[in-house]
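# Coordinate analysis (summary)
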Amino acid sequence: MRSSAHSSPPATAAEARLLLVEDDEVIRNTVRMLLERYGFTVSTAEDGLTGLEMFRETDPDLLLLDIMLPDLDGIGLCRRVRELSLAPILMMSARGDALDVVAGLEAGADDYVVKPCESAVLVARIRSLLRRASFTPAAAGTGAGNGGQVDSAVLAFGDLTVDTRGMEVRRAGEIVALTPTELRMLLEFAGSPGVVLERRTLLSRVWDHAWHGDTRVVDLHVQRLRAKIGADRIETVRGFGYKLRR
């Protein structure tokens, strides 16, 4: 499985390799041409099983998965990919149905968009995910805790340790595999332990959503993070947000 930080992240859009899995030929070709105009290298598949095979063969930097796919749907494909890799996954839903969104995020997706989606929004989401995937130890201290620096390289919270330079998280001495989004979120919490972070704050800092993004993506990632670092480590402050227990 890939580490939480991509071993050789793309420096530019031209170096980023995307895999688009979409069964509608018109949408597939339209999105591919759009992304290629922005400099991305795009491979495509028309069904889930082909998409899984192509993922194994090409090892893309990011995946765009339609939810409604033949043979193996986007949710199932997302789960299969997560068994192999921590590469960023952007789900695409035609309906924006709450169940689709929740299922996609629970399966391991990092973010989602509703089709049809404005080209500027789609590209912004992709670039944001790629930035997270290329998060480096040199930048680890920035952005956490209201833009301040994390003072210590290794922070400890009970049996949980966060190495902010080595980008390594351990629980009871065992390495915890986090996606780039989960790692970025944990760094935000670790930079301000005991401080309540509102959902909108996390959405802005972790997902770069300056517009009116859906805070459900925050809630689902908190759930995923809790499952990996301990259910009681992140506390819900009802009506406000979340905080990391000291």
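A brief report on the enclosed structure follows. (Residues numbered from 1 in each chain as written. Predicted model: local features only at pLDDT ≥ 70, side-chain atom pairs only at ≥ 80, totals over all residues. Heavy atoms only, no water.)

When helices and strands are tallied, the chain shows nine helices and twelve strands. In the chain, which comprises 246 residues, the share counted as buried stands at 50%. Here the chain displays about 11,100 Å² of accessible surface, and carbon together with sulfur accounts for 50% of that area. (Helix = DSSP H or I, 4+ residues; strand = E, 2+ residues; numbered from the N terminus. Buried < 20%, exposed > 50% of the residue type's maximum accessible area, 1.4 Å probe, protein only. Areas by Shrake-Rupley, 256 points an atom, 1.4 Å probe, with all protein chains shown as cover.)

Opposite charge on two side chains makes pairing possible when the charged atoms of those side chains draw close. Summed over the entire model, instances satisfying the criterion amount to 17 salt bridges. With its nearest N and O atoms 3.8 Å apart, the salt bridge here joins E46 to R28. Taken together, the residues span a long stretch of sequence, with E46 in the loop between β2 (41-45) and α2 (48-58) and R28 in helix α1 (residues 25-37) at a distance of 18 residues. A salt bridge links D208 to R131; the nearest nitrogen and oxygen atoms lie 2.7 Å apart. Here the residue D208 occupies a position in the loop between α8 (199-207) and α9 (216-229), and R131 occupies one in helix α5 (residues 119-133), the gap between them amounting to 77 residues. (Salt bridge = Lys/Arg side-chain N within 4 Å of Asp/Glu carboxyl O.)

Bringing the sheet that holds strand β8 (residues 168-171) into the picture now. Pairing within the open sheet is antiparallel, and its four strands lie in the order β6-β7-β8-β9. Each edge of the sheet is formed by a strand with only one pairing partner; in this case those strands are β6 (154-157) and β9 (174-175). With four bridges connecting them, strand β7 (residues 160-163) and β8 associate as antiparallel partners. Residue pairing in the sheet places T161 in a bridge with R170 of β8. Taken strand by strand, helix α7 (residues 180-191) contacts β6, β7 and β8, and its axis lies near 100° from that of β7. (Pairing = 2+ DSSP bridges. Contact = heavy atoms within 4.5 Å. Axes fitted to C-alpha atoms, helices over the stretch in contact; angles between N-to-C directions.)

Next up on the list: the packing of α7 against α9. Relative to each other, α7 and α9 sit at 85°, their axes nearing to 10 Å. In terms of axis orientation, α7 runs roughly perpendicular to α9. On α9, the residues touching T181, E182, M185, L186 and F189 of α7 are V218, H221, V222, R224, L225, K228 and I229. Within the contact of α7 with α9, the residues separate by chemical class into seven nonpolar, two polar and three charged. (Parallel < 35°, antiparallel > 145°, perpendicular 65-115°, else oblique. Nonpolar A, V, L, I, M, F, W, Y, C, P; charged D, E, K, R; others polar.)

This brings us to the pairing of β6. Taking every second residue as pointing to the same face, the buried face of β6 carries L155 and F157, while none of V154 and A156 on the other face is buried. Here four bridges tie β6 to β7, and the two strands are oriented antiparallel to one another. If you follow A156 over to β7, its bridge partner there is T161. A loop of two residues connects β6 with β7, the two strands running antiparallel in sequence, and G158 in this loop sits at a positive phi of about 65°.

The next subject is the sheet that holds strand β5 (residues 111-114). Strand order in the open sheet formed by five strands is β2-β1-β3-β4-β5, with parallel pairing between adjacent strands. A strand with exactly one partner marks an edge of an open sheet, and here the two such strands are β2 and β5. Going across the sheet, the axis of each strand differs from the next one's by a mean of 20°, ignoring polarity.

Attention shifts here to the pairing of β2. Summarising the sheet, strand β1 (residues 17-21) and β2 pair through five bridges and their orientation is parallel. The partner of L19 across the bridge, within β2, is S43. Handedness of the β-α-β unit built from β1, α1 and β2 comes out right-handed. (Right-handed = clockwise from strand over helix to strand, strands pointing away.)

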